[in-house]
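# Architecture at a glance
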Amino acid sequence: MRDSLTIMSKELKRFWIDKKLLFTTVLLPGLMIFAIYSIMGNVIGNQVEEITQSTTTLYVENMPESLEPLFDPALFEISAYEGQDPETLVNDSEGVILVFDPDFAEQLAADGFPEVKLYFDGSNETSSEGGSRVLNLLDGLRNQILAENYTEEERLVFAETITAYEDESEIFATIISSIVPLLIVIFIFAAALSIAPDIIAGEKERGTLATLLVTPISRSAFALGKILAITVISLASAFSSFIGVALSIPVLLQLESTGSVNVLDIYGVGGMVALLLVILSTTLVIVGVISVVSAYAKSIKEAASLASPLYLITIVVSALNLFSDGASNELLNAIPLYGSIQVINGVLAQNYTWTSVLIVMASSLITTGLLAWTVKLMLSSERIVFQK
Amino acid sequence: MKLSVKDLKKTFKLSKKQQKINRTDSRVKHALKGISFDAFPGEIFGLLGPNGAGKTTAMRSIATLIKPDSGTITLGDFDALTESKRTRQSIAFLTNELKLEDYFSPNYLFAYFSKLYGVDEATMKKRRDALFTRFGIDRFAEVKVADLSSGMKQKTSIAMSLVHDPDVIIFDEPTNGLDVLTAKTVLDYLGELKEKGKTIIISTHILSVVEKIVDRVGIIIQGEMKILEPMDVIRQSDNYQDLETLFFELVEAEVHDA
């Protein structure tokens, strides 16, 4: 273990003194994510604001004069509807058509059942927003007429007592558990992919690997030291990415504030420990996989290109989580990566068991052990170490 | 510590690409066809041969970087092939293909390799001071390897290979690419190590170096040890004019036979 720690500390020192590498691997991902998500959030926010503040072009026919005050001139620009094809008109103008029965007011007065026809383009944001505004106004009008003509008891077919419980923590957990497992795996893989090829295949490419292999250090200690170093750096990089996401989520989701949501209150110490253990186990597996590829490759470039398909497979497996309600059988959590994502999802959705956490950890540690052993075998292979 | 190599054989499988490069239909290359030689404490053994003759394969086998198909390698009283960790603890192995990490200084690397060889801190500092002063590295001890001249890099590599004060020293082209002054420093130091009773094996294409410092010489051609003689015998023999003529005659004969 002492030799592995010596190898690990050398890699960490190299990483620390190479400010460019430190910046691009640890700081840049977080900064980039924060910048990109914030820009996206602001663009989306501006679009939403633009739509909500837009003026609706309203084409009306037979509208009683008494209803005209309902439509705020700041929000509606009223024109006469002249019988054009409604679909073409709403498509072209991004507006809304409102057609009243010719004797709308008289029918209302006589307790009749007049009709109002509303046309808008549901696929167009401006027209759709206009349609919603008109529907709200018509609802208000209906309620006003009912209030004027009927008692409260007459208006009600049945009484309703509505109690809507809204637990912000649960809403937060639901949103987070659906997207965060995918992000965790993507960030860890991207981080490992950005450094493992350099740390392992790069040693071969630069001719420094054989220099180490002539020392008495065992191949197993060497492989373990490398994997540990890559794991530490990958976690640092993934953490940076998380900070970037955490800071940009309020902007991206257009939340007023996240101050009301305290992560520790939601998940508790146990949840946070479970999450940490599963993330660490998952990182070890991902680093192990990329280390095997890097040990096999002749160069950094070859390692990166060989690992790219694995990256895509990992993303697909992680994305399956978006459509999953968790593993039906706890033993399925023993499948490396799949199990990790299911349990991360479970922890974040506050729906996990310690058995599933332990299964994932055991499975990940065994898998990492096998991968480290494979790296060791590769480093013992003269064909792989000295291939040109 | 005596190094004894007996009947060492090594065959490599050739990929289709390698078959094309070597212009052969054979799927295998017999890199070593049963070479034997001894190297003794207090002597410098020169391993010569043209490119592809099998010198590097022989040296890599001794350094336990590759496994021979058959044969034995003994270091002192132990089997170097089965006790690979002990072997690596006992030898220094330096070739041009072994590089140092550009990002670190000689000071850091010396401490790093010392740890890997299990050298304690006090001994490490003593050896570092002696080697760095001897090679003039002390003035550049905190400069990154990337910023060192090629001569200083080579001297640093030599110093790193000696962190554990090994009994057997195997250097492949130790003066390759060095200016005459640096080359002299390296050769003089090899002479000092010889005087200290170290077993030294060098491989080089510079025959003048061999004639100057080597005590015994082995010439490998196409995986076979063609000549294994003390330098004095070669110098004094009527059969051999000089080492250079002998070397070229052997190589030309092999090319002719092929």
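Structure shown above.
Residues numbered from 1 in each chain as written. Chains lettered and ligands numbered in written order. Predicted model: local features only at pLDDT ≥ 70, side-chain atom pairs only at ≥ 80, totals over all residues. Heavy atoms only, no water.

## Quick look at the overall build of chain B
Looking only at helices and strands, chain B features ten helices and ten strands. Relative to the 2.2 N^0.38 estimate, which gives 18 Å for 258 residues, the radius of gyration of chain B is 19 Å and therefore close to what a compact globule would have. Expressed along its principal axes, the backbone C-alpha trace of chain B runs to roughly 55 × 45 × 40 Å. The buried share of chain B, taken over its 258 residues, is 52%. For chain B, the share of sequence-separated contacts (at least 6 apart) that also reach a separation of at least 24 residues comes to 68%. Put simply, chain B shows about 12,100 Å² of open surface, and 49% of that area lies on carbon and sulfur atoms. (Helix = DSSP H or I, 4+ residues; strand = E, 2+ residues; numbered from the N terminus. Rg over C-alpha atoms; globule rule 2.2 N^0.38 Å. Buried < 20%, exposed > 50% of the residue type's maximum accessible area, 1.4 Å probe, protein only. Contact = heavy atoms within 4.5 Å. Areas by Shrake-Rupley, 256 points an atom, 1.4 Å probe, with all protein chains shown as cover.)

## With respect to the overall build of chain A
Within chain A, the secondary structure is distributed over 14 helices and four strands. For chain A, buried positions account for 43% of its 388 residues. For chain A, restricting intrachain contacts to residue pairs at least 6 apart in sequence, the fraction spanning at least 24 positions comes to 73%. With an accessible surface of roughly 20,200 Å², chain A has 62% of that area assigned to carbon and sulfur atoms.

## Regarding the interface of chain B and chain A
Facing 28 residues of chain B, the contacting portion of chain A comprises 28 residues. Taking both partners together, chain B and chain A bury about 2,700 Å²; carbon and sulfur atoms supply 60% of that area. With a shortest N-O distance of 3.9 Å, Glu101 of chain B and Arg206 of chain A are connected by a salt bridge. At the surface where chain B touches chain A, the tally comes to eight residue pairs in polar contact (both at pLDDT 80 or more). Contributions of two or more residues to the side of chain B that touches chain A are made by strand S1 (3-13), helix H3 (84-90) and helix H4 (106-116) of chain B. Broken down by element, the residue count for the side of chain B that touches chain A peaks at five residues, all from H4 of chain B. (Buried area = accessible area lost by both parts, 1.4 Å probe. Salt bridge = Lys/Arg side-chain N within 4 Å of Asp/Glu carboxyl O. Polar contact = N/O pair within 3.5 Å; in protein donor to acceptor, adjacent residues only side chain to side chain.)

## Observations regarding the packing of aromatic side chains
In this description, a pair of aromatic rings is defined by centroid distance and the angle of the planes. Taken as a whole, this structure holds ten aromatic pairs over all chains when the rule is applied. Relative to Tyr311 of chain A, the ring of Phe189 of chain A lies with its centre 4.9 Å away and its plane at 15°, an arrangement referred to as stacked. A residue pair is termed long-range when its members are at least 10 positions apart, and Phe189 of chain A in helix H7 (residues 168-206) and Tyr311 of chain A in helix H11 (residues 300-319) qualify at 122 residues. Accessibility classification places Phe189 of chain A together with Tyr311 of chain A in one group, the buried group. Following the ring pairs from residue to residue traces out a cluster consisting of Phe104, Tyr108, Tyr112 and Phe113 of chain B. Directly above the aromatic system of Tyr103 of chain B lies the positively charged group of Arg14 of chain A, at a separation of 3.8 Å from the ring centroid. Geometry around Trp16 of chain A places Lys19 of chain A over its ring, the cationic atom sitting 4.8 Å from the centre. (Phe/Tyr/Trp six-rings, centres within 6.5 Å; stacked < 30°, edge-to-face > 60°. Lys NZ or Arg CZ within 6 Å of the ring centre and 35° of its normal.)

## A closer look at the pairing of S1 of chain B
Residues and elements named next belong to chain B. Sheet topology note: the S1/strand S2 (residues 28-39) ladder contains nine bridges and is antiparallel. Across the sheet, residue Lys9 finds its bridge partner in S2, namely Lys33. Two elements, S1 and strand S4 (residues 70-75), share five bridges in a ladder whose sense is antiparallel. Across the sheet, Lys6 pairs through a bridge with Thr72, a residue of S4. (Pairing = 2+ DSSP bridges.)

## Here's the deal with the packing of helix H1 (residues 2-17) of chain A against helix H2 (residues 19-52) of chain A
All names here are of chain A. Contact geometry of H1 with H2 gives a least axis separation of 5 Å together with a crossing angle of 95°. Here H2 runs roughly perpendicular to H1, going by the angle between their axes. Across the interface between the two elements, Arg14, Phe15, Trp16 and Ile17 of H1 pack against Lys19, Leu21, Leu22, Thr25 and Val26 of H2. In the contact of H1 with H2, the residues fall into six nonpolar, one polar and two charged. (Axes fitted to C-alpha atoms, helices over the stretch in contact; angles between N-to-C directions. Parallel < 35°, antiparallel > 145°, perpendicular 65-115°, else oblique. Nonpolar A, V, L, I, M, F, W, Y, C, P; charged D, E, K, R; others polar.)

## Considering helix H5 (residues 125-149) of chain A
All names here are of chain A. Helix length check: H5 (25 residues) gives 36 Å between terminal C-alpha atoms against 36 Å at 1.5 Å per residue, within 8%. Taken together, the buried positions of H5 are occupied by Ser127, Gly130, Gly131, Arg133, Val134, Leu138 and Leu141. Close packing links the buried residues of H5 with H2, strand S1 (56-61), strand S2 (76-80), helix H3 (86-93), strand S3 (96-100) and strand S4 (116-120). One side-chain oxygen at the N-terminal end of H5 lies 3.0 Å from the backbone nitrogen of Thr126; it belongs to Asn124. (Expected span 1.5 Å × (residues − 1).)

## Points about unusual backbone geometry
In the Ramachandran plot, Asn62 of chain A falls in the positive-phi region, its phi being about 60° despite a non-glycine side chain. Within the secondary structure, Asn62 of chain A sits in the loop between S1 and S2. Judged by relative accessible area, Asn62 of chain A falls into the partly exposed class, the value being 37%. Within the chain, Glu173 of chain B stands out as a residue other than glycine whose phi angle is a positive 50°. Take Glu173 of chain B: it is sitting in the loop between strand S7 (168-172) and helix H7 (180-195). Overall, Glu173 of chain B belongs to the buried group, its relative accessible area being 8%.

## Re the pattern of salt bridges
One pass over the full model with this rule turns up 23 salt bridges over all chains. When the shortest N-O distance is used, the salt bridge between Lys198 of chain B and Asp165 of chain B registers 2.9 Å. Here the residue Lys198 of chain B occupies a position in the loop between H7 and strand S8 (199-203), and Asp165 of chain B occupies one in the loop between helix H6 (150-161) and S7, the gap between them amounting to 33 residues. Note on Lys198 of chain B: relative accessible area 8%, which makes it buried. Three or more residues are tied together by salt bridges with common partners; here these are Lys10, Glu11, Arg14, Asp18, Asp198, Glu203, Arg206 and Lys226 of chain A together with Glu101 of chain B.

## Details of helix H2 (residues 55-62) of chain B
Residues and elements named next belong to chain B. Counting buried residues in H2 gives seven out of eight residues, a clear majority hidden from the surface. Taken as a whole, H2 has its buried residues at Lys55, Thr57, Ala58, Met59, Arg60, Ser61 and Ile62. One or two steps after H2, the chain reaches Thr64, where phi turns positive at roughly 65°.

## A few points about the sheet that holds strand S3 (residues 43-48) of chain B
Residue and element names in this part refer to chain B. In space, the six strands of this open sheet follow the order S6-S7-S8-S3-S9-S10, with mixed pairing throughout. Whereas interior strands pair on both sides, the edge strands pair on one side only; in this sheet they are strand S6 (91-94) and strand S10 (224-230). When the angles between neighbouring strand axes are averaged without regard to direction, this sheet yields 15°. Bridge count for S7 against S8 is five bridges, and the pairing is parallel. Residue pairing across strands places Asp172 opposite Ser203, the latter belonging to S8.

## Side note on the pairing of strand S9 (residues 216-221) of chain B
All names here are of chain B. Buried residues dominate S9, accounting for six of its six residues. Where S3 and S9 come together, four bridges link them in parallel fashion. If you follow Phe45 over to S9, its bridge partner there is Arg216. Sheet topology places S9 next to S10; six bridges connect them, and they run antiparallel. Looking at S10, one finds that Arg216 is bridged to Pro230. Count of turn residues in the S9/S10 antiparallel hairpin: two residues, of which Gln222 carries a positive phi of about 45°.

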